[in-house]
Amino acid sequence: EGKIVYQGASPDEISLVKGAQQMGFEYVSKQFNEITIKDYFTNSEKKYDIKFEMPFDSDRKRMSVVIYNRCTKEYEILSKGADSVMLELMTFQEQEKEEVVRVINVLSKEGLRVLVMARKTIPEETFTEWINRINITRNRNEDDLPSLYDEMENDLTFCGCSAIEDKLQEGVSEAIYTLLTCNIRLWVLTGDKQDTAEEIAKSCKLINENMYVTYLV
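J.: Kindly report on the pairing of strand 1 (residues 25–31), identifying the contributing residues and their values.
T.: Look at any regular strand and the pattern is simple: side chains alternate between the two faces of the sheet. The sheet contact formed by strand 1 and strand 2 (residues 34–39) spans 6 bridges and is antiparallel. Bridge pairing in strand 2 links Tyr27 to Ile37. Between strand 1 and strand 2, which pair antiparallel one after the other, the connecting turn spans 2 residues, and Phe32 there sits at a positive phi close to 55 degrees.

J.: Please give an account of unusual backbone geometry that cites residues and values.
T.: Phi at Asn43 takes a positive value of approximately 55 degrees, unusual for a residue other than glycine. Secondary-structure assignment places Asn43 in the loop between strand 2 and strand 3 (44–54). Located in the positive-phi region is Lys73, a residue other than glycine, with phi close to 60 degrees. On the secondary structure map, Lys73 appears in the loop between strand 4 (62–69) and strand 5 (74–81). In this structure Lys73 comes out as exposed when scored by relative accessible area, which is 58%.

J.: Residue-level account of helix 5 (residues 145–152), with values.
T.: Along helix 5, the residues classified as buried are Leu145, Leu148, Tyr149 and Met152. Looking straight down helix 5, one finds that the buried residues subtend no more than 105 degrees of arc, so they occupy a single side. Where the residues of helix 5 are buried, they touch strand 3, strand 5, strand 7 (113–122), helix 4 (124–140) and strand 8 (156–164).

J.: Quick rundown of the pairing of strand 3? Include the residues and the values.
T.: Across 6 bridges, strand 2 lies against strand 3 in antiparallel orientation. Bridged to Lys38 within strand 3 is Glu45. In textbook terms, the turn of a hairpin is the stretch between consecutive antiparallel strands, and for strand 2 and strand 3 this stretch comprises 4 residues, one of which, Asn43, has a positive phi near 55 degrees. With 6 bridges connecting them, strand 3 and strand 4 associate as antiparallel partners. For Asp49, the partnering residue across the bridge sits in strand 4 and is Tyr68.

J.: A description of the packing of aromatic side chains should follow, citing residues and the corresponding values.
T.: Applying the stated criterion across every chain yields a total of 8 aromatic pairs. Between the aromatic rings of Tyr6 and Tyr27, the centroid separation amounts to 6.1 Å while the plane-to-plane angle is 20 degrees, which identifies the pairing as stacked. Linking Tyr6 in the segment before helix 1 (11–22) with Tyr27 in strand 1, this pair joins segments that are 21 residues apart in sequence. Look at Tyr6 and you get buried, because its relative accessible area is 15%.

J.: Can you break down the pattern of salt bridges residue by residue, with the values?
T.: On inspection of all chains with the given rule, the structure shows 13 salt bridges. Residue Lys46 pairs with Asp39 through a salt bridge whose shortest N-O separation is 3.2 Å. Residue classification places Lys46 among the partly exposed residues on the basis of a relative accessible area of 26%. According to the relative accessible area criterion, Asp39 is buried, its value standing at 4%. In this structure, Asp49 and Arg70 form a salt bridge, with 2.8 Å as the shortest nitrogen-oxygen distance. Residue Asp49 is located in strand 3, and its partner Arg70 is located in the loop between strand 4 and strand 5; the two are separated by 21 residues in the primary sequence. For Asp49, a relative accessible area of 16% translates into the label buried.

J.: Give me the sheet that holds strand 1: which residues, what numbers.
T.: Spatially, 1-2-3-4-5-7-8-6 is the arrangement adopted by the 8 strands of the open sheet, whose pairing is mixed. The strands lining the two open edges of the sheet, one partner per strand, are strand 1 and strand 6 (90–91). Running over the sheet, helix 5 touches strand 3, strand 4, strand 5, strand 7 and strand 8 and is turned about 140 degrees from strand 3.

About the cut-offs
Residues numbered from 1 in each chain as written. Predicted model: local features only at pLDDT ≥ 70, side-chain atom pairs only at ≥ 80, totals over all residues. Heavy atoms only, no water. Pairing = 2+ DSSP bridges. Helix = DSSP H or I, 4+ residues; strand = E, 2+ residues; numbered from the N terminus. Buried < 20%, exposed > 50% of the residue type's maximum accessible area, 1.4 Å probe, protein only. Arc of directions from axis to C-beta. Contact = heavy atoms within 4.5 Å. Phe/Tyr/Trp six-rings, centres within 6.5 Å; stacked < 30°, edge-to-face > 60°. Salt bridge = Lys/Arg side-chain N within 4 Å of Asp/Glu carboxyl O. Axes fitted to C-alpha atoms, helices over the stretch in contact; angles between N-to-C directions.

Below, the structure written as C-alpha coordinates:
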(Lines give C-alpha, C1' and ligand atoms only; values in the text may rest on other atoms or scores of the structure.)
Protein backbone atom coordinates (compact mmCIF):
# COMPACT_ATOMS: atom_id res chain seq x y z
CA GLU A 1 0.00 0.00 0.00
CA GLY A 2 3.05 2.25 -0.16
CA LYS A 3 3.21 2.66 3.62
CA ILE A 4 6.70 3.06 5.08
CA VAL A 5 7.68 0.54 7.76
CA TYR A 6 10.69 1.50 9.88
CA GLN A 7 13.27 -0.87 11.32
CA GLY A 8 16.04 0.14 13.69
CA ALA A 9 18.69 -1.02 16.12
CA SER A 10 16.59 0.09 19.10
CA PRO A 11 12.94 0.95 19.91
CA ASP A 12 14.13 4.48 20.81
CA GLU A 13 15.25 5.19 17.25
CA ILE A 14 12.02 3.89 15.72
CA SER A 15 9.93 5.93 18.15
CA LEU A 16 11.86 9.11 17.34
CA VAL A 17 11.46 8.63 13.60
CA LYS A 18 7.74 7.90 13.95
CA GLY A 19 7.34 10.94 16.20
CA ALA A 20 9.01 13.16 13.59
CA GLN A 21 6.71 11.67 10.95
CA GLN A 22 3.64 12.64 12.98
CA MET A 23 5.03 16.19 13.30
CA GLY A 24 5.33 16.56 9.53
CA PHE A 25 8.89 15.39 8.82
CA GLU A 26 8.99 11.95 7.22
CA TYR A 27 12.10 9.83 6.85
CA VAL A 28 11.52 8.73 3.25
CA SER A 29 14.62 6.80 2.22
CA LYS A 30 18.29 6.03 2.72
CA GLN A 31 20.44 5.19 -0.28
CA PHE A 32 23.98 4.39 0.80
CA ASN A 33 24.95 7.58 2.69
CA GLU A 34 22.18 9.77 1.29
CA ILE A 35 19.08 10.43 3.43
CA THR A 36 15.86 11.96 2.12
CA ILE A 37 13.41 13.73 4.45
CA LYS A 38 9.94 14.83 3.33
CA ASP A 39 8.93 18.21 4.79
CA TYR A 40 5.15 18.38 4.70
CA PHE A 41 5.10 22.01 5.87
CA THR A 42 6.88 23.20 2.72
CA ASN A 43 5.89 20.17 0.63
CA SER A 44 9.51 19.59 -0.31
CA GLU A 45 12.17 16.93 0.02
CA LYS A 46 15.45 17.64 1.78
CA LYS A 47 18.56 15.58 1.21
CA TYR A 48 21.48 15.02 3.58
CA ASP A 49 24.77 13.17 3.11
CA ILE A 50 26.11 11.18 6.06
CA LYS A 51 29.81 12.03 6.30
CA PHE A 52 30.84 10.31 9.53
CA GLU A 53 29.26 8.49 12.45
CA MET A 54 30.60 8.44 16.01
CA PRO A 55 29.09 5.30 17.57
CA PHE A 56 27.56 4.97 21.02
CA ASP A 57 29.44 3.13 23.74
CA SER A 58 29.02 2.76 27.49
CA ASP A 59 31.86 5.18 28.25
CA ARG A 60 30.78 8.00 25.94
CA LYS A 61 27.03 7.51 26.59
CA ARG A 62 26.24 9.30 23.36
CA MET A 63 26.43 9.01 19.59
CA SER A 64 26.89 11.62 16.89
CA VAL A 65 26.75 11.92 13.15
CA VAL A 66 28.29 14.52 10.85
CA ILE A 67 26.07 15.35 7.88
CA TYR A 68 26.21 17.63 4.86
CA ASN A 69 23.00 19.59 4.38
CA ARG A 70 22.50 19.98 0.63
CA CYS A 71 19.95 22.76 1.12
CA THR A 72 22.14 25.03 3.24
CA LYS A 73 25.46 23.73 1.85
CA GLU A 74 26.69 23.33 5.45
CA TYR A 75 28.25 20.60 7.55
CA GLU A 76 26.47 19.84 10.82
CA ILE A 77 27.04 17.54 13.77
CA LEU A 78 23.95 16.01 15.36
CA SER A 79 24.32 14.37 18.77
CA LYS A 80 22.08 12.47 21.17
CA GLY A 81 22.80 10.79 24.47
CA ALA A 82 22.40 10.65 28.23
CA ASP A 83 21.81 13.96 29.97
CA SER A 84 24.64 13.22 32.40
CA VAL A 85 27.15 13.79 29.58
CA MET A 86 25.25 15.81 27.00
CA LEU A 87 24.48 18.78 29.25
CA GLU A 88 28.20 19.34 29.82
CA LEU A 89 28.85 19.53 26.08
CA MET A 90 26.31 22.27 25.37
CA THR A 91 26.09 26.01 25.70
CA PHE A 92 22.88 27.46 27.13
CA GLN A 93 21.19 30.81 27.35
CA GLU A 94 20.62 32.33 30.79
CA GLN A 95 18.53 30.04 33.05
CA GLU A 96 17.86 27.68 30.13
CA LYS A 97 19.96 24.86 31.62
CA GLU A 98 18.10 24.96 34.96
CA GLU A 99 14.76 24.55 33.17
CA VAL A 100 16.08 21.69 31.03
CA VAL A 101 17.39 19.87 34.12
CA ARG A 102 14.04 20.37 35.86
CA VAL A 103 12.11 18.85 32.96
CA ILE A 104 14.53 15.91 32.68
CA ASN A 105 14.14 15.14 36.39
CA VAL A 106 10.34 15.17 36.07
CA LEU A 107 10.45 12.76 33.12
CA SER A 108 12.96 10.46 34.85
CA LYS A 109 10.76 10.18 37.93
CA GLU A 110 7.99 8.88 35.67
CA GLY A 111 10.27 6.00 34.66
CA LEU A 112 10.87 7.31 31.14
CA ARG A 113 14.17 6.92 29.31
CA VAL A 114 15.41 10.41 28.46
CA LEU A 115 17.64 11.36 25.54
CA VAL A 116 19.07 14.83 25.05
CA MET A 117 19.70 16.10 21.51
CA ALA A 118 22.01 18.86 20.27
CA ARG A 119 23.62 20.17 17.10
CA LYS A 120 26.33 22.45 15.75
CA THR A 121 27.27 23.87 12.36
CA ILE A 122 30.84 23.07 11.32
CA PRO A 123 32.97 25.15 8.90
CA GLU A 124 34.00 23.09 5.89
CA GLU A 125 37.71 23.60 6.51
CA THR A 126 37.32 22.44 10.12
CA PHE A 127 35.56 19.25 9.02
CA THR A 128 38.12 18.56 6.27
CA GLU A 129 41.07 18.88 8.66
CA TRP A 130 39.30 16.79 11.33
CA ILE A 131 38.26 13.95 9.01
CA ASN A 132 41.83 13.72 7.66
CA ARG A 133 43.09 13.17 11.21
CA ILE A 134 40.32 10.62 11.78
CA ASN A 135 41.45 8.60 8.75
CA ILE A 136 45.11 8.72 9.86
CA THR A 137 44.21 7.63 13.40
CA ARG A 138 42.08 4.75 12.10
CA ASN A 139 45.15 3.28 10.41
CA ARG A 140 47.40 3.80 13.42
CA ASN A 141 45.46 3.24 16.63
CA GLU A 142 41.66 3.21 16.81
CA ASP A 143 41.82 3.57 20.60
CA ASP A 144 42.70 7.23 20.02
CA LEU A 145 39.50 7.94 18.08
CA PRO A 146 37.35 8.92 21.12
CA SER A 147 39.64 11.88 21.83
CA LEU A 148 39.04 13.12 18.28
CA TYR A 149 35.30 12.63 18.74
CA ASP A 150 35.50 14.84 21.83
CA GLU A 151 37.05 17.63 19.77
CA MET A 152 33.95 17.78 17.58
CA GLU A 153 31.36 17.12 20.30
CA ASN A 154 31.58 20.41 22.16
CA ASP A 155 29.91 23.83 22.22
CA LEU A 156 26.74 22.16 20.99
CA THR A 157 23.38 23.91 20.84
CA PHE A 158 20.51 22.30 22.76
CA CYS A 159 17.73 21.09 20.43
CA GLY A 160 15.43 19.22 22.80
CA CYS A 161 14.95 15.98 24.65
CA SER A 162 12.78 12.92 24.23
CA ALA A 163 11.22 10.66 26.85
CA ILE A 164 10.34 7.14 25.81
CA GLU A 165 8.67 4.39 27.81
CA ASP A 166 10.71 1.21 27.66
CA LYS A 167 8.06 -1.39 28.42
CA LEU A 168 8.96 -4.56 30.26
CA GLN A 169 8.70 -7.80 28.35
CA GLU A 170 5.66 -9.89 29.20
CA GLY A 171 6.07 -11.92 32.37
CA VAL A 172 9.16 -10.10 33.69
CA SER A 173 7.53 -8.62 36.81
CA GLU A 174 5.85 -11.95 37.67
CA ALA A 175 9.13 -13.84 37.24
CA ILE A 176 11.01 -11.39 39.50
CA TYR A 177 8.28 -11.54 42.15
CA THR A 178 8.44 -15.36 42.12
CA LEU A 179 12.22 -15.34 42.57
CA LEU A 180 11.96 -12.90 45.48
CA THR A 181 9.31 -15.01 47.22
CA CYS A 182 11.75 -17.93 46.95
CA ASN A 183 14.27 -15.81 48.87
CA ILE A 184 16.55 -15.51 45.84
CA ARG A 185 18.53 -12.27 45.77
CA LEU A 186 18.59 -10.24 42.59
CA TRP A 187 20.96 -7.58 41.34
CA VAL A 188 20.18 -5.26 38.43
CA LEU A 189 22.95 -3.37 36.63
CA THR A 190 21.72 -0.36 34.65
CA GLY A 191 23.03 2.77 33.01
CA ASP A 192 19.79 4.65 33.62
CA LYS A 193 19.46 7.73 35.79
CA GLN A 194 18.73 6.96 39.45
CA ASP A 195 15.12 8.19 39.27
CA THR A 196 14.43 6.18 36.10
CA ALA A 197 16.04 3.05 37.55
CA GLU A 198 13.93 3.32 40.72
CA GLU A 199 10.67 3.63 38.81
CA ILE A 200 11.52 0.67 36.58
CA ALA A 201 12.48 -1.36 39.67
CA LYS A 202 9.06 -0.60 41.13
CA SER A 203 7.23 -1.47 37.92
CA CYS A 204 8.95 -4.88 37.73
CA LYS A 205 8.27 -5.52 41.44
CA LEU A 206 11.93 -5.56 42.38
CA ILE A 207 11.12 -2.80 44.87
CA ASN A 208 7.85 -2.58 46.77
CA GLU A 209 6.35 -0.02 49.16
CA ASN A 210 7.40 -2.04 52.22
CA MET A 211 11.10 -1.89 51.35
CA TYR A 212 13.64 0.66 52.56
CA VAL A 213 15.86 1.99 49.77
CA THR A 214 19.49 2.74 50.63
CA TYR A 215 21.53 5.09 48.45
CA LEU A 216 25.29 4.54 48.11
CA VAL A 217 27.17 7.60 46.86
